[in-house]
Amino acid sequence: MTGERYALVERIASGPSGILYLADDLNLNRRVAMKFPREDIVLQGELLSRLDFPGVVPIHDMGLLPNGRAFYTMKYLEGKSLADFIAEGSS
C-alpha cells in the first residue's frame, strides 16, 4: 500500500530511470501505472506532465509518499513493452 489513495498490484518493470508498478487508484477506481523515479531524476514526472503529444502517456498525479519517496502516476496501457518489440524483431 502506498498510502490511502494507491494500492500496488505488481511490479511491471525497472530500469535506469526508476521502478514501474501497476497500481489501483482507489479514489477514482481505475488502474494506473505508478512510477518511482530514481532520486536524481525526480523532476521527470513534472517535465513529462507538460508534454502533450500522441506518443507520450499522460501523467495523472504526482507527489510524495509519507516516507518522502517521490512518485507519479500515469495512464496504464496494456500491451507489449518496447523491449518485447525489440526482442521479437531480432529473432
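Refer to the structure presented above.
Bear in mind the structure is a predicted one, so any value in this text is a computation, not a measurement.

Enumeration over the complete set of coordinates arrives at four salt bridges. Here Arg5 ties to Asp61 by a salt bridge, and the two come within 3.6 Å at their closest N and O atoms. In this pair, Arg5 sits in the segment before β1 (6-15) while Asp61 sits in strand β4 (residues 59-64), placing the two residues 56 residues apart along the sequence. Connected through shared salt-bridge partners, Arg5, Asp25, Arg30 and Asp61 make up one network.

Next up on the list: the side chain of Asp25. On the secondary structure map, Asp25 appears in strand β2 (residues 18-25). With relative accessibility at 2%, the residue Asp25 sits in the buried group. A polar contact is formed between the side chain of Asp25 and the side chain of Arg5, at a distance of 2.9 Å. Once residues within four sequence positions are removed from consideration, Asp25 is found in contact with Arg5, Tyr6, Arg30 and Val32.

Rules and cut-offs
- Residues numbered from 1 in each chain as written.
- Predicted model: local features only at pLDDT ≥ 70, side-chain atom pairs only at ≥ 80, totals over all residues.
- Heavy atoms only, no water.
- Salt bridge = Lys/Arg side-chain N within 4 Å of Asp/Glu carboxyl O.
- Helix = DSSP H or I, 4+ residues; strand = E, 2+ residues; numbered from the N terminus.
- Buried < 20%, exposed > 50% of the residue type's maximum accessible area, 1.4 Å probe, protein only.
- Polar contact = N/O pair within 3.5 Å; in protein donor to acceptor, adjacent residues only side chain to side chain.
- Contact = heavy atoms within 4.5 Å.

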